[in-house]
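Working through the structure, step by step
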Amino acid sequence: MDTTKNIKFNVQSLNLFYGDFQALKDISFTIYENEITALIGPSGCGKSTFLKTLNRMNDLEPNVTLHGSIQLDSQDINKDMDAIELRKRVSMVFQQPNPFPKSVYENVAYGPRINGIRKKAQLDEIVEHSLRQAAIWEEVKDRLHKSALGLSGGQQQRLCIARTLALEPEVILMDEPTSALDPISTMKIEDLASELKKNYTIVIVTHNMQQASRISDRTAFFLLGNLVEYDTTIKLFSQPSDKKTEEYITGRFG
C-alpha cells in the first residue's frame, strides 16, 4: 500500500454484532486522506454497517456491540472522542436526498447557526461558498429563499452535500448517494466527489461497479461481513487477488 499518503482512518480487528448476529468480522484496513475509498459488495454484506462505524451512527441503534479499534488521525473514535464532535469532523450523506422543509438558504445555514454563527454577512458567505463547492450555486442562486423541496432529486442531493460542507468536516461518508438519481445527476455527483477529494477524505458505499472504478482511488470488497480484498481500484478491478472478488466484479454473483 502507498505509504506516502497520510492515513486518515486506521481500522484494526473490528467486529460488530447486532444482538447475536455478527455483521462485521475482524475488519482491518487503512483509509487514506484526500482519496475516495469505495466500499462494494452485495446487499447485506456489511458495507453500510461499516460506513456507519466511522462516525458512530451505530451508537443510535439498540443492542450493538463493537470490538476492535477505529482511529481517526491516531485518536480512538470510540474511547477518546465525543460522538457529536466526531460527527462534525465526519459527516454523512444518505442514499435518499433529505433536505429540510426549509428554504435552500436555511438548509445550508442550519448547521453554522447551531454552531453559533449569527452574523448575516458571515452566513451569506458560508452559504454561497458551500453551494459553489457542491456545484449547485448557479442553479439555485436566484431561488435561495424558496423551498428546497422544489428542487429536483439530483439538486436536492447536491444541496445535502452543500449542507454537509457548511460544517467544514474533514471526512464525507456517502451511502449510495446516487442510487435514487438519474444518469445525468449521477455524473454530476461523481464529478463533484472527484473535485471534493482535493480538500476532503471521501468514503462511498456503492452498488455500481462502474461508479467505483470511475471515481475511487481504492476499493474494499465486502462479503458476508468479511473484508475479502482491499487494494487500489485499478489493481482490484484489473487483477483481483481473490476469486470471489473477480466473480463479483464480473457479475457472476451478487
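Scroll up to find the structure this text is about.
Time to look at unusual backbone geometry. Outside of glycine, negative phi angles account for most residues, and trans bonds account for most peptide bonds. Even without being glycine, Asn34 reaches a positive phi, approximately 55°. Despite not being glycine, Ser74 shows a phi value in the positive range, around 70°. With respect to the element layout, Ser74 can be found in the loop between strand S4 (64-72) and strand S5 (75-76). The exposed category is assigned to Ser74, whose relative accessible area is 64%.

With respect to burial, strand S3 (residues 36-40) is a largely interior element, five of its five residues being buried. One ladder, built from four bridges, connects S3 with strand S8 (residues 201-205); its direction is parallel. When the sheet's bridge partners are listed, Ile36 is paired in S8 with Ile202. Pairing analysis gives four bridges linking S3 to strand S9 (residues 218-223), with the strands arranged parallel. Across the sheet, Leu39 pairs through a bridge with Ala220, a residue of S9.

To continue, consider the sheet that holds strand S2 (residues 21-32). One open sheet accounts for four strands, arranged S2-S1-S4-S5; its pairing is antiparallel. Because the sheet does not close on itself, it has two edges, and the strands there are S2 and S5. In this structure, strand S1 (residues 7-18) lies alongside S2, joined through eight bridges in antiparallel fashion. Within the sheet, the bridge partner assigned to Phe9 lies in S2 and is Ile31.

Another point: the sheet that holds strand S10 (residues 226-232). If you walk across this open sheet you meet the six strands as S6-S7-S8-S3-S9-S10, and the pairing is mixed. With partners counted over all chains shown, the strands left at the sheet margins are strand S6 (90-93) and S10, one partner each. With direction set aside, neighbouring strand axes in the sheet form an average angle of 15°. Docked against the sheet, helix H6 (residues 153-165) engages S6 and strand S7 (171-175), running at close to 170° with respect to S6.

Another aspect to go through is the side chain of Gln156. Mapping Gln156 onto the fold places it in helix H6. Note on Gln156: relative accessible area 13%, which makes it buried.

For the rest of this paragraph, the subject is the nonpolar core. Counting residues in each nonpolar core, the largest one holds 42 residues, and the members touching the most others are Ile40, Val104, Leu131, Ile161, Ile172 and Leu196. In contact with Leu196, other than residues within four places in its own chain, are Gln133, Ile161, Leu165, Ile172 and Ile202. Within the second largest apolar cluster, 30 residues are counted, among which are Phe9, Val11, Ala23 and Leu173.

Reading the values: rules and limits
Residues numbered from 1 in each chain as written. Predicted model: local features only at pLDDT ≥ 70, side-chain atom pairs only at ≥ 80, totals over all residues. Heavy atoms only, no water. Helix = DSSP H or I, 4+ residues; strand = E, 2+ residues; numbered from the N terminus. Buried < 20%, exposed > 50% of the residue type's maximum accessible area, 1.4 Å probe, protein only. Pairing = 2+ DSSP bridges. Axes fitted to C-alpha atoms, helices over the stretch in contact; angles between N-to-C directions. Contact = heavy atoms within 4.5 Å. Core = buried A, V, L, I, M, F, W, Y, C linked by side-chain atoms within 4.5 Å.

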